Amino acid sequence: MKVRMVSDQLRTPNSRLRTSPWPGIIEAYRSHLPVSPVTPVVTLLEGNTPLIFSPTLSAQAGRRVEVYLKYEGTNPTGSFKDRGMTVAISKAKEAKSMAVLCASTGNTSASASAYAARAGMRSLVLIPSGAIALGKLSQALIHGARVAAVEANFDACLALVKSLAQTFPITLVNSINPHRIEGQKTIAFEICETLGEAPDVNITPVGNAGNITAQWKGYREYYRLGRIARLPLMLGFQAEGAAPLVKGKIVAKPRTIATAIRIGNPASWQGAMAAAEESRGFIRAVSDREILEAYRLLAAREGVFVEPASAASVAGLLKLAKSGYFGALKRTGSRPLTVVCILTGHGLKDPERAIKSIRLGKPLPPSLSVISKAVGLK
Ligand code: AN7
């Protein structure tokens, strides 16, 4: 049987390895996810991403504040989307779907096309023409997706794929597919396990708003199970030119250099608002300038390369730090306040942005004196 074969190919060799490797989020959190023994597990061993202490940001955030970076760029396709995609594609495979479909600002398409390839399924992708980063486009193409570059923004692409999914027998794998949210909630589980408790504050970039919705679901589930004794404040940051949740209305023409979150009508609008309200957090905006400052700081001071959209969480943290926000938060006892910034995607997704941000000098002749002068070794 074909379905069996796929899951066997994926599983058996790993179980023969001498050390037991991380099994991917479905096996790691099976009892929390909508899978059964007959679900073929399509995995690239996503998850188990590092939670990196940030000395620079901790110092900037104030006294007795510890800032950690949940670096989702180390997922197999370089973004957090892989957590949701392993579940969505496994369930699509279980349902014997032949093809999957998504609209994307880039990362969803990269992830969907990779997991579909792994599952032996076809993938169809609608992207806003000229508005996705090069790395992401290269991923969708090389994984064999049928890519349609549409002369419209992401919101229009999402409306189109919703219609297509109603007309044709294909599975929609945008985050309106609940299996995506289920997989993505595992990021909260990992954070709680690493810290031994929920953080006090969880800060995340917000675009289509599936991620913040999923994180809040994850924290609430662990709270209900007694795995954590408190819930974090959920803070979300949108880009100023693409901040419908902050403005309280749809943005018809979203604009930001952070193309991943250039979204004017988020699908999980309600989920994001609920996360903010129920946790007593909020959703605010940061400017492109603030995003790029945080982007450069992370790379230059912490050695962590993220794509611009991911830096929105850190831009938000820095903005709050300047206003004394963390110092004013209530603490219990003498323990430090823990803040986690979610870094959603890898910097290599968008190399053009890095090169635009830092100027490379013109080519030099291979002369010791010229070169030592040029690199500051005089
Ligand atoms: C790096 O790929 O929407 O608020 O189509 O790629 O859950 O949408 C990407 C979103 C943040 C926002 N950071 O997450 C897509 C897409 C990065 C992203 C977001 C995205 P959501």
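To be clear, the structure that these remarks concern was listed above.
Residues numbered from 1 in each chain as written. Predicted model: local features only at pLDDT ≥ 70, side-chain atom pairs only at ≥ 80, totals over all residues. Heavy atoms only, no water.

> Please explain the packing of helix α4 (residues 81-94) against helix α5 (residues 107-119) as it appears in this structure.
A packed helix pair is summarised by two numbers, namely the angle formed by the two axes and the spacing between the axes. Contact geometry for α4 and α5: axes closest at 9 Å, N-to-C directions at 40°. Judged on the interaxial angle alone, α5 and α4 are oblique. For the element pair α4 and α5, the recorded crossing hand is right-handed. For the pair α4 and α5, the contacting residues are K81, D82, M85, T86, I89 and K93 in the first and N107, T108, S111, A112, Y115, A116 and A119 in the second. Partitioned by chemical class, the residues of the contact of α4 with α5 number six nonpolar, four polar and three charged. (Axes fitted to C-alpha atoms, helices over the stretch in contact; angles between N-to-C directions. Helix = DSSP H or I, 4+ residues; strand = E, 2+ residues; numbered from the N terminus. Parallel < 35°, antiparallel > 145°, perpendicular 65-115°, else oblique. Left-handed = near helix turned anticlockwise from the far one by under 90°. Contact = heavy atoms within 4.5 Å. Nonpolar A, V, L, I, M, F, W, Y, C, P; charged D, E, K, R; others polar.)

> It is not clear to me how unusual backbone geometry should be interpreted in this structure. Could you clarify?
As a rule of thumb, non-glycine residues mostly have phi less than zero, and peptide bonds are mostly trans rather than cis. Backbone geometry at N48 places phi at a positive 55°, although glycine is not the residue there. By the secondary structure assignment, N48 is in the loop between α2 (25-28) and β1 (51-53). Look at N48 and you get partly exposed, because its relative accessible area is 46%. In this structure, R64 is a non-glycine residue whose phi angle is positive, near 55°. Within the secondary structure, R64 is located in the loop between α3 (55-61) and β2 (65-71). (Buried < 20%, exposed > 50% of the residue type's maximum accessible area, 1.4 Å probe, protein only.)

> For this particular structure, what's the right way to read the site of the ligand?
Around the ligand sit 23 residues, and of these N107, T108, N208, A209 and T344 come closest. Contact distances for the ligand include 3.0 Å between an oxygen atom and a side-chain N or O atom of S104. In isolation the ligand has 470 Å² of accessible area, and contact with the protein removes 99% of it. Of all the cavities here, the one that holds the ligand is the largest cavity. Elements with a contribution of two residues or more to the shell around the ligand: α5 and α10 (210-224). For the shell around the ligand, the class distribution of residues is nine nonpolar, twelve polar and two charged. (Near = heavy atom within 4 Å. Polar contact = N/O pair within 3.5 Å; in protein donor to acceptor, adjacent residues only side chain to side chain. Areas by Shrake-Rupley, 256 points an atom, 1.4 Å probe, with all protein chains shown as cover. 1 Å grid on protein atoms, 1.4 Å probe; cavity = no way out; pocket = protein on both sides within 12 Å on 5 of 7 lines; lining within 4 Å. Sits in = over half its atoms within 2 Å of the grid points.)

> For this particular structure, what's the right way to read empty space enclosed by the protein?
In this approach a probe as big as a water molecule rolls over the atoms, and the regions it shows empty are the leftover space. With the rule as written, the count across this model stands at one cavity of 30 Å³ or more. Taken together, 30 residues line the largest cavity, and the ones lying closest to its centre are F80, K81, N208, A260 and I261. For the lining of the largest cavity, the secondary structure elements donating two or more residues are α5, α8 (178-184) and α10. Among the elements that line the lining of the largest cavity, the one with the most residues is α10, at three residues. In terms of residue class, the lining of the largest cavity is built from eleven nonpolar, 15 polar and four charged. (Points joined across faces, edges and corners; volume = space filled by probe spheres on them.)

> Looking at this model, I keep getting lost on the packing of aromatic side chains. Mind explaining?
We describe a pair of aromatic rings using the distance from one ring centre to the other and the angle between the two ring planes. Taken as a whole and judged by the stated rule, the model has eight aromatic pairs. Taken together, a centroid distance of 6.4 Å and an interplanar angle of 45° make the contact between Y295 and F305 tilted. Taken as a pair, Y295 in helix α13 (residues 288-302) and F305 in the loop between α13 and α14 (311-322) lie far apart in primary sequence, ten residues in all. Aromatic rings pair up to connect W22, Y29, F189 and Y222 into one cluster. One Lys or Arg, R284, reaches over the ring of F282 and ends 3.5 Å from the middle of that ring. (Phe/Tyr/Trp six-rings, centres within 6.5 Å; stacked < 30°, edge-to-face > 60°. Lys NZ or Arg CZ within 6 Å of the ring centre and 35° of its normal.)

> I would appreciate a short explanation of the environment of S357 in the present structure.
Looking at the element boundaries, S357 is found in helix α16 (residues 351-357). For the pair S357 and L298, spaced 59 residues apart in sequence, the C-alpha separation works out to 13 Å. Each residue touching S357, except ones within four places of it in the same chain, is listed here: L292, Y295 and R296.

> Any chance you could explain the nonpolar core here in plain terms?
Formed by 41 residues in total, the largest nonpolar core has its most connected members in L57, I203, L235, V314, L317, F326 and V339. Looking at which element gives the most residues to this core, the answer is α14, with eight residues. For L235, the contacting residues outside a window of four places in its chain are V201, N202, I203, T204, I212, G281, F282, L320 and Y325. (Core = buried A, V, L, I, M, F, W, Y, C linked by side-chain atoms within 4.5 Å.)

> Before we go on, may I ask you to explain the side chain of N177 in this structure?
Of note, N177 is situated in the loop between β6 (171-172) and α8. For N177, a relative accessible area of 9% gives the class buried. A polar contact of 2.9 Å, which involves the side chain of N177, links it to the backbone nitrogen of H179. Ignoring sequence-local partners within four residues, the contact set of N177 consists of A88, T171 and L172.

> Is there a simple way to think about the packing of α13 against α14 in this case?
One can describe the packing of α13 onto α14 by two numbers: an axis separation of 8 Å at closest approach and a directional angle of 100°. Considering their axes alone, α13 and α14 lie roughly perpendicular with respect to each other. Contact residues: E290, I291, A294, Y295, L297 and L298 in α13; A311, A312, V314, A315, L318 and K319 in α14. Its residues placed into classes, the contact of α13 with α14 shows ten nonpolar, no polar and two charged.

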